[in-house]
Amino acid sequence: MAEKLMKFAEAVEKYDPVIGLEVHVELNTKTKLFCPAEVSFGGDPNTQLTPVSLGLPGSLPVVNKSAIDYAIKLGLALHCDIAEWSQFARKNYFYPDMPRDYQISQYDKPLNGEGYLDVELEDGEVFRVPIERAHVEDDAGKNTHVGGADGRIEGADHSLVDYNRAGVPLVEIVTKPITGAGARAAEVAGAYVRTIRDIVKALNISNARMEQGNMRADVNVSLRPSADDPFGTRSETKNVNSFRGIERTIIYEIRRQAAVLEAGGEVLQETRHWDEASQTTAGGRVKTDADDYRYFPDPDLVMVHTTREHIEELKAQMPEMPRERRNRLQAEWGLSDNDMRDIVNASALDLVEETVKAGASAAGARKWWMGEISRAANEQDTTLDELNITPADVARVEALISEGKLNDKLAKQTVAGVLAGEGTPDEVVAKHGYEVVQDTGALEAEVDKAMAANPDIVEKLKSGNMKPMGAIIGAVMKATRGQADAKTVTSIVMAKIK
């Protein structure tokens, strides 16, 4: 039975939404957090294991130093207080994908304490998201439910467990309650997670591919009558693994909870799950409080000591952060705030930069990625980086235009051919014979035909009225199947009327 929903605009007018995000970032270390088992995506099930990652009796964990260093770098980028002494704790719960029956996490002594992250919204407004902590923990394995709809446990007749992921290092970034966003709560959340994605990619500490589970978020939502009232009861939607999913989860939960409250009901403190197919959340289990996890210090692990000197060493290794990089590129490329924001919002910044590095102008790179190629991505309902075209391809198309071998129309047809999988730009040009007509004698002949067929237009041109020039150019373009250069045709016409 479908849940009742209030219209979003009405919900945010009647209630003040408060959100919170727990973003899990899988670190791209070569080995797991507490053992030397390999970390890689797509391996055969249960092949990347050691006695430690299986939780076998007598096996002892040893902390991966690289994982700690990666986590500190992320903490620095999030303006967190880095603890000199941090501690791992056992978080006790019983799932089949957790072979030890407890997770090694951090509780009251996390590596990274309070911090913040400034995120830029679509209109340029900067919103500060407060961060409670960014602690280190190991991941669970993966359950696959067989026989149920869409791989869900409901209706499944059995489940399979793959422990390859068990023990992979994670940083869990936990925000404080995010208030004051109002109707833009979903936009703030999306911008925040995208910014974290950009940061971890810049730091080169995670592959940050949400579709592979490298990043995922638990989304908390609650409503209260006004900003002056105490926080309401929250729901927590677990393991949302797309930016749009995070945004739509928040919008749905605001609408759902508003309808519950308006009807005089109470919002349950529960975990929920986002269903991409139905664009809804579904109730799971009653939410567990921290006390129920029975945290206690892991007796097999000593405390982690991070010296001030080591933090300074890591700080010196920090690369340019995404926001500073955007500002630098915007100045180098001479783009307006709106143009740069469009590129960032389209997740095209890396593609445009790589295209410029391959030899294209910034204006040319932006034109293609934000024009023809973006339209193709929208039509295919995919992302720019998933399309069958590379920055090198785009730069080559620009070079062919600069060399006078392609005009704008032929360049668009060439890009379409590359997107369709017909090969490189040069291969597409050769296959279809797209090259601009270089024979000026042939062009003159076509110009003569066009002028002879349009004597009235010729008279207007001779009198100084250049507006009808397009008709002559259009006739020549038609005769040459779009392979004439408009500037060359214009020069020929001007020479003849003089």
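See the structure printed just above.
If you're wondering where the values come from, they're calculated on a predicted model, not measured in any experiment.

Evaluated as defined, the whole model comprises 5 aromatic pairs. With centroids separated by 5.2 Å and ring planes inclined at 80°, the aromatic side chains of Phe 34 and Phe 88 adopt a geometry described as edge-to-face. One end of the pair, Phe 34, is in the loop between β1 (16-26) and α2 (65-77); the other, Phe 88, is in the loop between β2 (85-86) and β3 (89-92), with 54 residues separating them in the sequence. Given the relative accessible area of 4%, Phe 34 is considered buried. Looking at Phe 88, the relative accessible area reads 1%, which means it is buried. With 6.1 Å between their ring centres and 70° between their planes, Tyr 293 and Tyr 295 make a pair best called edge-to-face. Look at Tyr 295 and you get partly exposed, because its relative accessible area is 22%. Members of the aromatic cluster, joined through ring pairs, are Tyr 93, Tyr 95, Tyr 107, Tyr 293 and Tyr 295. Sitting over the face of the ring of Tyr 293, Lys 91 holds its NZ or CZ atom 4.5 Å from the ring centroid. The ring of Tyr 116 carries Arg 128 above its face, with NZ or CZ at 3.8 Å from the centroid.

For the rest of this paragraph, the subject is the pattern of salt bridges. Per the counting criterion, the structure on display carries 44 salt bridges. One salt bridge in this structure joins Arg 272 and Glu 3, with 3.0 Å as the shortest N-O distance. Residue Arg 272 is found in strand β12 (residues 270-275), and its partner Glu 3 is found in the segment before α1 (8-14); the two are separated by 269 residues along the sequence.

Attention shifts here to the sheet that holds strand β11 (residues 235-240). Spatially, the 8 strands line up as an open sheet ordered β5-β6-β9-β1-β10-β11-β12-β13, and their pairing is mixed. Looking at the sheet topology across the chains shown, the edges are occupied by β5 (115-120) and β13 (280-286). Averaged over neighbouring strand pairs, the angle between their axes works out to 30° when direction is ignored. In the sheet, β12 pairs with β13 via 5 bridges, with the strands oriented antiparallel. Along β13, the bridge assignment pairs Arg 272 with Gly 283. Each of β1, β10 (215-224), β11, β12 and β13 touches helix α4 (residues 243-262); the most contacted strand, β10, lies at about 25° to it.

Further remarks concern the nonpolar core. In terms of nonpolar packing, the biggest core is built from 73 residues, with Val 23, Ile 173, Tyr 192, Ile 246 and Ile 250 touching the most fellow members. Sort the elements by how many residues they give to this core and helix α3 (residues 185-203) lands first, with 11 residues. Those residues in contact with Ile 246, other than ones at most four positions away along the chain, are Leu 21, Ala 189, Val 193, Met 210, Ala 217, Val 219 and Val 240. Core analysis: the second largest hydrophobic core is formed by 31 residues, Val 352, Ala 362, Trp 369 and Ala 411 among them.

Attention now goes to the packing of helix α8 (residues 349-357) against helix α11 (residues 391-402). At a closest axis distance of 8 Å, the pairing of α8 and α11 adopts a crossing angle of 50°. Classified by the angle their axes make, α8 and α11 are oblique. Between α8 and α11 lies a crossing of right-handed hand. On the side of α8, the interface is formed by Leu 351, Glu 354 and Thr 355, while α11 contributes Pro 391, Val 394 and Ala 395. Residue composition of the contact of α8 with α11, grouped by class: 4 nonpolar, 1 polar and 1 charged.

The rules behind each value
- Residues numbered from 1 in each chain as written.
- Predicted model: local features only at pLDDT ≥ 70, side-chain atom pairs only at ≥ 80, totals over all residues.
- Heavy atoms only, no water.
- Phe/Tyr/Trp six-rings, centres within 6.5 Å; stacked < 30°, edge-to-face > 60°.
- Helix = DSSP H or I, 4+ residues; strand = E, 2+ residues; numbered from the N terminus.
- Buried < 20%, exposed > 50% of the residue type's maximum accessible area, 1.4 Å probe, protein only.
- Lys NZ or Arg CZ within 6 Å of the ring centre and 35° of its normal.
- Salt bridge = Lys/Arg side-chain N within 4 Å of Asp/Glu carboxyl O.
- Pairing = 2+ DSSP bridges.
- Axes fitted to C-alpha atoms, helices over the stretch in contact; angles between N-to-C directions.
- Contact = heavy atoms within 4.5 Å.
- Core = buried A, V, L, I, M, F, W, Y, C linked by side-chain atoms within 4.5 Å.
- Parallel < 35°, antiparallel > 145°, perpendicular 65-115°, else oblique.
- Left-handed = near helix turned anticlockwise from the far one by under 90°.
- Nonpolar A, V, L, I, M, F, W, Y, C, P; charged D, E, K, R; others polar.

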